[in-house]
Amino acid sequence: MKKTLTKKIIKGKEYFYLVYRKNGVLKSQYLGGASSAKYKKYLFKLTAESGSYGIDKARRKNFSKGVPLVYVENGFLVDEYKNGTKEYLNNKLQVVKVVAKHD
């Protein structure tokens, strides 16, 4: 069942809900505010389930066009190339480490 995360702002405060259809009827499940345990557990579940799907999709798209994938990892800007090589850059865009993929 596909559920959509929605946000409502009531009196300046954010509240999150999951909205879905069940037997043609629109239902909602209250998750709470941004600091609620239920909302945080839902976000954690999303990231655990999706794993690296988003980055894998970006990797395929970028590599097919011949450009590197760029992302942040542990405070470094990472340029990842099709051959598996990763360049780690600091905040001044200086290469501080290069990691080559070993087969």
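Enquirer: Can you explain the pairing of strand β4 (residues 69-73)? Please cite residues and give values.
Expert: Where β4 and strand β5 (residues 76-80) come together, five bridges link them in antiparallel fashion. Along β5, the bridge assignment pairs V70 with D79. Hairpin remark: β4 followed by β5, antiparallel, with two residues in the connecting loop; positive phi at N74, about 50°.

Enquirer: Tell me what's going on with the sheet that holds strand β2 (residues 13-22), and back it up with residues and numbers.
Expert: Pairing in this open sheet of three strands is antiparallel, and the strands run β1-β2-β3 from one edge to the other. Taken across any chain shown, the strands that pair with only one partner, and hence form the sheet edges, are β1 (4-10) and β3 (25-32). For this sheet the average axis-to-axis angle between neighbouring strands, irrespective of direction, equals 35°. Bridge count between β2 and β3: seven bridges; the pairing is antiparallel.

Enquirer: With reference to specific residues and values, describe the side chain of N90.
Expert: Relative to the elements of secondary structure, N90 occurs in the loop between β6 (86-89) and β7 (95-99). Residue classification places N90 among the buried residues on the basis of a relative accessible area of 19%. The residues touching N90, leaving out its near neighbours within four places in the chain, are F76 and V96.

The rules behind the values
Residues numbered from 1 in each chain as written. Predicted model: local features only at pLDDT ≥ 70, side-chain atom pairs only at ≥ 80, totals over all residues. Heavy atoms only, no water. Pairing = 2+ DSSP bridges. Helix = DSSP H or I, 4+ residues; strand = E, 2+ residues; numbered from the N terminus. Axes fitted to C-alpha atoms, helices over the stretch in contact; angles between N-to-C directions. Buried < 20%, exposed > 50% of the residue type's maximum accessible area, 1.4 Å probe, protein only. Contact = heavy atoms within 4.5 Å.

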